[in-house]
Amino acid sequence: MPTTGEKPGKGTYKCTNCGQIVVLDDSTDTLPPCPKCSGTDFNKVG
Ligand SMILES: [Zn+2]
């Protein structure tokens with residue numbers, strides 16, 4: 001699964017801990033910590 005610090009590419013990622021959605025709109029964007037719970041594990045949803 002994508003984790004904080006990776007560059008998983010464009011898409012929508014959902015925090016596995018709290019469900020917060022993080023959107024990356026550029027392939028060079030680094031996945032940040034969850035803005036809500038500071039979680040670092042995400043599932044790609046789109
Ligand atoms: Zn979270």
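For the structure given in this document, a descriptive report is provided here. (Residues numbered from 1 in each chain as written. Predicted model: local features only at pLDDT ≥ 70, side-chain atom pairs only at ≥ 80, totals over all residues. Heavy atoms only, no water.)

**Here we look at the nonpolar core**
Working step 1: In this structure, Y13, C15, V22, L24, L31, C34 and F42 together form the largest nonpolar core, which totals seven residues.
Working step 2: Counting only elements with at least two residues in this core, the list comes to β1 (11-15) and β2 (21-24).
Working step 3: Sequence-distant contacts of C34, that is, excluding residues within four places in its chain, are made with C15, C18, Q20, G39 and F42. (Core = buried A, V, L, I, M, F, W, Y, C linked by side-chain atoms within 4.5 Å. Buried < 20%, exposed > 50% of the residue type's maximum accessible area, 1.4 Å probe, protein only. Helix = DSSP H or I, 4+ residues; strand = E, 2+ residues; numbered from the N terminus. Contact = heavy atoms within 4.5 Å.)

**Thoughts on a nonpolar patch on the surface**
Working step 1: A grouping of I21, V23 and V45 is seen on the molecular surface, where their side chains present a nonpolar patch of about 260 Å² in accessible area.
Working step 2: As for its placement among the helices and strands, V23 is situated in strand β2. (Patch = residues over 30% accessible without salt bridge, like charges linked within 9 Å, V, L, I, M, F, W, Y side chains within 5 Å. Areas by Shrake-Rupley, 256 points an atom, 1.4 Å probe, with all protein chains shown as cover. Salt bridge = Lys/Arg side-chain N within 4 Å of Asp/Glu carboxyl O.)

**Section: the coordination of the zinc ion**
Working step 1: Within the first shell, the zinc ion binds the protein through C15 (SG), C18 (SG), C34 (SG) and C37 (SG), at distances of 2.3 Å.
Working step 2: Viewed at the metal, the four donor atoms of the zinc ion are separated by angles of 104 to 115 degrees, and the geometry they form is tetrahedral.
Working step 3: Since its relative accessible area comes to 30%, C18 is described here as partly exposed.
Working step 4: A relative accessible area of 28% means that C37 is categorised as partly exposed. (Donors = N, O, S within 2.8 Å, 3.2 Å for Na, K, Ca; no water. Tetrahedral: all angles 85-135°; square planar, octahedral: opposite > 155°, others 65-115°.)

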